[in-house]
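Structure assessment
Residues per chain are reported as follows:
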Amino acid sequence: MCLGIPGCIVSIDNADDLVATVDVSGVRRQINISCIVDETHPVESCVGDWVLVHVGFAMSRINEAEAAETLRLLRELGEFQAELETMQTLTDAVAAEE
Amino acid sequence: MRYVDEFRDRTKAEVLVKEIERLLAHIGRDQSRPLQIMEVCGGHTHSIFRYGVEGMLPKSIELVHGPGCPVCVLPMGRVDDCVAIAERPEVIFTTFGDAMRVPGSRKSLLQAKADGCDVRMVYSPMDALALARKYPTREVVFFGIGFETTMPSTALTVLQAEREGIRNFSIFCNHITIVPTIKAILDSPDLRLDGFLGPGHVSMVIGDAPYEFIARYYKKPMVIAGFEPLDILQSIWMLLRQIDQGRCEIENQYARVAPAGGNAVALQAVAKVYELREFFEWRGLGSIDHSGVKVRDAYAGFDAERKFAVPNAKIADPKSCQCGEVLKGVIKPWQCKVFGRACSPETPLGALMVSSEGACAAYYQYGGIKRGRDDEASAA
Ligand code: SF4
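These figures come from a predicted structure and were not determined experimentally. (Residues numbered from 1 in each chain as written. Chains lettered and ligands numbered in written order. Predicted model: local features only at pLDDT ≥ 70, side-chain atom pairs only at ≥ 80, totals over all residues. Heavy atoms only, no water.)

The next point concerns the packing of helix α1 (residues 10–27) of chain B against helix α11 (residues 229–244) of chain B. All names here are of chain B. Across the interface, α1 lies against α11 with an axial gap of 9 Å and an inter-helix angle of 20°. Relative to α11, α1 is oriented roughly parallel. Note on packing geometry: the crossing formed by α1 with α11 is left-handed. Along its contact with α1, which presents Lys-12, Ala-13, Leu-16, Val-17, Glu-19, Ile-20, Leu-23, Leu-24, His-26 and Ile-27, the element α11 presents Leu-230, Leu-233, Gln-234, Ile-236, Trp-237, Leu-240, Arg-241, Ile-243 and Asp-244. Split into classes, the residues belonging to the contact of α1 with α11 amount to 13 nonpolar, 2 polar and 4 charged. (Axes fitted to C-alpha atoms, helices over the stretch in contact; angles between N-to-C directions. Helix = DSSP H or I, 4+ residues; strand = E, 2+ residues; numbered from the N terminus. Parallel < 35°, antiparallel > 145°, perpendicular 65-115°, else oblique. Left-handed = near helix turned anticlockwise from the far one by under 90°. Contact = heavy atoms within 4.5 Å. Nonpolar A, V, L, I, M, F, W, Y, C, P; charged D, E, K, R; others polar.)

Written out as structure tokens, the structure is:
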């Protein structure tokens, strides 16, 4: 019950009650979008938003830049790890020669 | 699926595990004195077992599965109250699926349904409100359960019902709040934790600030974590980095979903509809001050507790249950005497065996029992 699922808003169905349709991996259902609407992000601008859907409510707009940043860090960590391994093998090789 | 698949990448997981091993060696921990990290949220417990995260980690890290499964900490008396409400002929009792099988002292909601009560599973509180619209002569009650993650959804549903003038809808409010609970855990004398994985979806609502005391006064680090395997591994890595560098901070690994300031609209709705209870009873943990909320007087008409005068009896857990010790991380699920014997997912004695977010059910379902006993055998 504490897990949410990412989905994309495909239409606004009732702007007064803040009801929209979301597509989650091809499954569509109506959700409430009150929590992602404010002066800076009015109802009309919600179509196309990626949101975290939780018990029938869009609880958060997924921040694309932050998602990319997390993945970038993970990638860098991979490169760092590869470099570390090369360093380790080369150091071991030198030590074996001595 | 976007925002999901990329956080399940195996090779990236392997890299993270290597980094975790490297940091652990640097911190100087081994199997004899493992680092204890508590995941507070049941959603994390679920992911950890589902993706076998524990099995990937070195033995010098121990994950303690905290009390963050709202279904699991619901005391028996409250389940009895649900059944009492559901037994009224005019009532349609609606609930999330997870809560159907939690044992009460007489029966679960599932048994009540089998006995002829009108109990229905819904995906959203808004679905319950739709039922109230459809059946104006019935009383539709929604079983409001969960931490700050689900609290806004029931609050917004009450506000919607008010706007529409729907009178035959109410909430049986059992919402609980995470911060007093973490504090109770930190104050518990039999606990030795090195850090916390913070609940990502609670944080999406309340933001980072409410956790500051954990770092400031209790000197424990916390990383607010997402729910995919890479999120959890990266958060553990971030925690270890803090420990290694001697820092205690509240960091956020899950910024793509949980902004630092939380969600203002959600918080406003919660503050409008709910107020803190003086205390709330938790299964296994006893009573914790200010750990639950109730419906405000202004919305009394939507409060099932007032509408139906529930019995509200206190009922002790069965003697053989050790749910409390498991919740505090004092024993592992498979060390409970009835685990897998009298208590299994088909016939749960304790609530930890009911929900897939409960530690016992997770251990049982994903083979943790064997691993646990093997570990014990190899340690002996
Ligand atoms: S095995 Fe059953 S009784 Fe024992 S702690 Fe787990 S849920 Fe509670």
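This next bit is on the confidence of the model for chain A. For chain A, the mean per-residue pLDDT works out to 86, and 96% of the residues sit at or above 70. When pLDDT is averaged over each helix and strand of chain A, the minimum, 77, is found for helix α1 (residues 64–97) of chain A and the maximum, 94, for strand β5 (residues 57–61) of chain A. (pLDDT = per-residue confidence, 0-100.)

Here the focus is the environment of Asp-194 of chain B. Residues and elements named next belong to chain B. Take Asp-194: it is sitting in the loop between α8 (178–187) and β7 (195–199). Judged by its relative accessible area of 17%, Asp-194 is buried. In this structure the C-alpha to C-alpha distance between Asp-194 and Ile-243, which are 49 residues apart in sequence, comes to 8.2 Å. Ignoring any residue separated from it by four or fewer positions in sequence, one finds Asp-194 in contact with Arg-29, Pro-34, Leu-35, Gln-36, Lys-220, Pro-221 and Ile-243. (Buried < 20%, exposed > 50% of the residue type's maximum accessible area, 1.4 Å probe, protein only.)

The next thing to look at is the site of the ligand. Near the ligand, the surroundings consist of Cys-321, Gln-322, Cys-323, Val-326, Cys-336, Val-338, Phe-339, Cys-343, Gly-350, Leu-352, Met-353 and Cys-360 of chain B. Looking at the shell around the ligand, its residues break down into 10 nonpolar, 2 polar and no charged. (Near = heavy atom within 4 Å.)

Any two packed helices are characterised by the angle at which their axes cross and by the distance between the axes. All names here are of chain B. Viewed as axis vectors pointing N to C, helix α6 (residues 125–134) and helix α7 (residues 151–164) meet at an angle of 25°, and their least axial separation amounts to 9 Å. Between α6 and α7, the angle is such that the two are roughly parallel. Two packed elements cross with a definite hand, and for α6 against α7 that hand is right-handed. In this structure, α6 uses Pro-125, Met-126, Leu-129 and Arg-133 to contact α7, whose residues at the interface are Ser-153, Thr-154, Leu-156, Thr-157, Gln-160, Ala-161 and Glu-164. A breakdown of the residues in the contact of α6 with α7 according to their chemical character gives 5 nonpolar, 4 polar and 2 charged.

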